[in-house]
Amino acid sequence: MSDREFGNNDDLSLPKATVGKIITEILSHDNGITFARETRDLLIECCVEFITLISSEANEIAEKEAKKTIACEHVTAALDQLGYPDYIPEIMKVAHEHKTQQVTREKKQSKIEKSGLTEEELIRQQEELFRSATNKFNAAP
């Protein structure tokens with residue numbers, strides 16, 4: 001992937017704190033080993049390049065199928081075509097976990113609907129809670 005194809009990669013990055021946390025978790029069992037900042041930055045660049053490579057390949061696969069949305073099967077096909085078939089089982093596991101979380105999240109969103117209260121009643125209750133919290137805050141010594 002060239003910088004010319006996607007513009008300058010300087011605007012593409014991963015959060016340094018998150019990458020640092022992942023590195024710390026991986027190295028936590030190896031006492032005395034540290035990760036230099038320059039090495040962390042290099043790892044971030046490699047990750048961005050890898051994601052760009054997989055995304056581009058998945059996009060090409062989706063376009064060949066006349067699809068406008070890149071789906072999980074496009075990503076797994078890209079991984080396979082690029083020589084990373086060993087990653088596919090873990091990707092499928094994570095995708096399944098994500099779908100399960102989405103179903104749970106959708107159920108939580110529908111609790112509001114199941115409450116039986118109108119939007120106006122919910123807003124009134126929320127305003128009462130805000131008033132109560134404000135009064136408690138203002139009454140504090």
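The model shown is predicted, which means the values in this text are computed figures rather than measured ones.

S.K.: Can you walk me through the pattern of salt bridges in this structure?
M.R.: Side chains carrying opposite charge are able to pair once their charged atoms draw close together. In this structure the tally under the stated criterion is three salt bridges. Sharing partners across several salt bridges, the network here consists of Lys-16, Arg-40 and Asp-41.

S.K.: I would appreciate a short explanation of the packing of helix α3 (residues 37-64) against helix α4 (residues 72-81) in the present structure.
M.R.: Between two packed helices, what matters for the description is the angle formed by their axes and the separation of those axes. Relative orientation of the contacting elements α3 and α4 amounts to 115 degrees, with a least axis distance of 8 Å. Classed by the angle they form, the pair α3 and α4 counts as roughly perpendicular. Relative to α4, α3 is oriented so that their crossing is right-handed. Contacts from Phe-50, Ile-54, Glu-57, Ala-58, Ile-61 and Ala-62 in α3 reach His-74, Val-75, Ala-77, Ala-78, Leu-79 and Gln-81 in α4. Here the contact of α3 with α4 is built from residues that sort into nine nonpolar, two polar and one charged.

S.K.: Please clarify how the packing of aromatic side chains should be interpreted in this entry.
M.R.: For any two aromatic rings, the description comes down to two numbers: the centre-to-centre distance and the angle of the planes. In this structure the tally under the stated criterion is three aromatic pairs. Measuring from ring centre to ring centre gives 6.1 Å for Phe-50 and Tyr-87, while their planes differ by 65 degrees; the resulting arrangement is edge-to-face. Pair noted here: Phe-50 is in helix α3 and Tyr-87 is in the loop between α4 and α5 (88-114), with a separation of 37 residues, a long-range link. A relative accessible area of 28% means that Phe-50 is categorised as partly exposed. On the numbers, 5.5 Å between centres and 25 degrees between planes, the contact of Tyr-84 with Tyr-87 is stacked. A relative accessible area of 28% means that Tyr-84 is categorised as partly exposed. A network of ring pairs unites the aromatic residues Phe-50, Tyr-84 and Tyr-87 as a single cluster.

What counts, and at which threshold
Residues numbered from 1 in each chain as written. Predicted model: local features only at pLDDT ≥ 70, side-chain atom pairs only at ≥ 80, totals over all residues. Heavy atoms only, no water. Salt bridge = Lys/Arg side-chain N within 4 Å of Asp/Glu carboxyl O. Axes fitted to C-alpha atoms, helices over the stretch in contact; angles between N-to-C directions. Helix = DSSP H or I, 4+ residues; strand = E, 2+ residues; numbered from the N terminus. Parallel < 35°, antiparallel > 145°, perpendicular 65-115°, else oblique. Left-handed = near helix turned anticlockwise from the far one by under 90°. Contact = heavy atoms within 4.5 Å. Nonpolar A, V, L, I, M, F, W, Y, C, P; charged D, E, K, R; others polar. Phe/Tyr/Trp six-rings, centres within 6.5 Å; stacked < 30°, edge-to-face > 60°. Buried < 20%, exposed > 50% of the residue type's maximum accessible area, 1.4 Å probe, protein only.

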